[in-house]
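Tertiary structure, described
In case you want the letters, here they are:
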Amino acid sequence: MKEGFNKNLILNIIIIVLSVVLFFLTIAFLIGIMDYQRGYKVTESDMINYVRYQEYDSLVDTVYNNEANGVKHTGDMEELYAVAYYYENAVLYHAYQVSGDSKGAQEKYHKMEEYESQMGDYAFAKEEIWNLLGITE
C-alpha cells in the first residue's frame, strides 16, 4: 500500500510542477505576442546612423514603420523624416526623368523642394542623395 501511495504522490508532484511550468510559458508567450504586435520602434540615433551611412532606403522604411506604430517624434526626428521623404521623392523624380515623364518629374521636384526646407541640420543629405542616385540639374 505504501508503494502505491508513493507513486501517486510523485506523479501528483510532477503534474503540479509541469502545470506551473506551462502556466509561466503561457504568460511568456502572451507577453511575446503583445511585444510583437507593438512592432519594432527605431530610435532617433538609429535614424541618424542611417543618414550618416547613406542608408536612405532603410530610413524610409523606418519612417513608415514608426508612423504605423505611432512613435512620437523626439529631437531631430522631424528633420530626419523630411530627409526620408526627400529621398523617396528624389528616387521617383529620377525615375520620371529617366522615363521622360517631365510632368511627373516636375511634381516630385516640387515635393523635394518642400522637404528640403524641412531638413534643417541634415540639409547636407541633399547632395549625398543626388550623388547616390546620379541626379544632375
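Use the structure listed above.
Here's a quick rundown of the structure. Here the residue numbers are simple positions, counted from 1 along each chain's written sequence. The predicted nature of this model means local features are confined to residues of pLDDT at least 70 and side-chain atom pairs, given and counted, to a pLDDT of 80 or more, with totals for whole chains, interfaces and linings taken over all residues. Computation of side-chain values covers all heavy atoms of the structure but excludes hydrogens and water.

Some thoughts on the overall build of the protein
Formally: Going along the chain from the N terminus, every DSSP run of H or I of four or more residues is numbered as a helix, and every run of E of two or more is numbered as a strand. For the radius of gyration, the atoms used are the C-alpha atoms, and the globule rule reads 2.2 Å times the number of residues raised to 0.38. When accessible area is computed with a 1.4 Å probe and restricted to protein chains, residues below 20% of their type maximum are described as buried, those above 50% as exposed, and intermediate ones as partly exposed. Only heavy atoms matter for contacts: two residues are in contact if any of them lie within 4.5 Å across the pair. All accessible-area figures derive from a Shrake-Rupley calculation using a 1.4 Å probe, and residue coverage is judged against the displayed protein chains alone. The charge count includes Lys and Arg as positive and Asp and Glu as negative, but it does not include His or the ends of the chains. Charge positions come from single atoms, namely NZ of Lys, CZ of Arg, CG of Asp or CD of Glu.
Scanning the protein for helices and strands turns up six helices and zero strands. Counting from the amino terminus, the protein carries its helices and strands in the arrangement α-α-α-α-α-α. Computed over its C-alpha atoms, the radius of gyration of the protein comes to 27 Å, more than 25% above the 14 Å expected for a compact globule of 137 residues. The principal-axis extents of the C-alpha atoms in the protein amount to approximately 95 × 35 × 25 Å. Among the 137 residues that make up the protein, the fraction classed as buried is 25%. The contacts in the protein between residues at least 6 apart in sequence include a share of 64% that link residues at least 24 apart. As displayed, the protein has an accessible area near 9500 Å², and 59% of this comes from carbon and sulfur atoms. In the protein, 10 positive and 21 negative side-chain charges are present, and the distance between their average locations comes to 15 Å.

Structural notes on the packing of aromatic side chains
Formally: The aromatic pairing rule takes the rings of Phe, Tyr and Trp, using the six-membered ring of Trp, and pairs them if the centres are within 6.5 Å, calling planes under 30 degrees apart stacked, those over 60 edge-to-face and the rest tilted. Whether a charge sits over a ring depends on NZ of Lys or CZ of Arg being within 6 Å of the ring centre and within 35 degrees of the ring normal.
Within this structure, the stated rule accounts for seven aromatic pairs. Pairwise contacts between aromatic rings join Y64, Y81, Y85 and Y115 into one cluster. Its guanidinium or amino end placed over the ring of W130, K126 lies 5.4 Å from that ring's centre, counting from NZ or CZ.

Some points on the pattern of salt bridges
Test applied: Salt bridge, as used here: a side-chain nitrogen of Lys or Arg that lies within 4 Å of a carboxyl oxygen of Asp or Glu.
The final tally for this structure, using the stated rule, is one salt bridge. Linking E116 and K126 is a salt bridge whose minimum nitrogen-to-oxygen distance equals 3.5 Å. One end of the pair, E116, is in helix α5 (residues 102–116); the other, K126, is in helix α6 (residues 125–133), and 10 residues separate them in sequence. Overall, the relative accessible area of 29% leaves E116 in the partly exposed class.

So, the packing of helix α2 (residues 44–52) against helix α3 (residues 56–68)
Operational definition: The angle between two axes is taken between their N-to-C directions and runs from 0 to 180 degrees, where each axis is a line fitted to C-alpha atoms and a helix contributes only its stretch in contact. Working rule for angles: under 35 degrees goes down as roughly parallel, over 145 as roughly antiparallel, 65 to 115 as roughly perpendicular, anything else as oblique. Each crossing is labelled by how the near helix is turned from the far one, with a counterclockwise turn of less than a right angle marking it left-handed and a clockwise turn marking it right-handed. Any residue that is not Ala, Val, Leu, Ile, Met, Phe, Trp, Tyr, Cys, Pro, Asp, Glu, Lys or Arg is counted as polar, Gly included; the first ten are nonpolar and the last four charged.
Running from amino to carboxyl end, α2 crosses α3 at an angle of 155°, the nearest separation of the two axes being 8 Å. One finds that α2 runs roughly antiparallel with respect to α3. The handedness of the crossing between α2 and α3 is left-handed. When α2 is examined against α3, the residues M47, Y50 and V51 are found in contact with a partner set consisting of Y56, S58, L59, T62, V63 and N66. Classifying every residue of the contact of α2 with α3 by side-chain character gives six nonpolar, three polar and no charged.

Brief notes about the nonpolar core
We apply this condition: The definition of a nonpolar core used throughout is a set of buried Ala, Val, Leu, Ile, Met, Phe, Trp, Tyr and Cys residues joined through side-chain atoms within 4.5 Å.
Of all hydrophobic cores here, the largest spans 29 residues; its most connected members are M47, Y56, V83, Y86 and I129. Listing elements by their share of this core, those giving two or more residues are α2, α3, α4 (77–99), α5 and α6. In terms of residues, this core owes the most to one element, α4, which gives 11 residues. If we ignore the near neighbours within four places in the chain, the residues touching I129 are Y56, V83, Y86, Y87 and A90.

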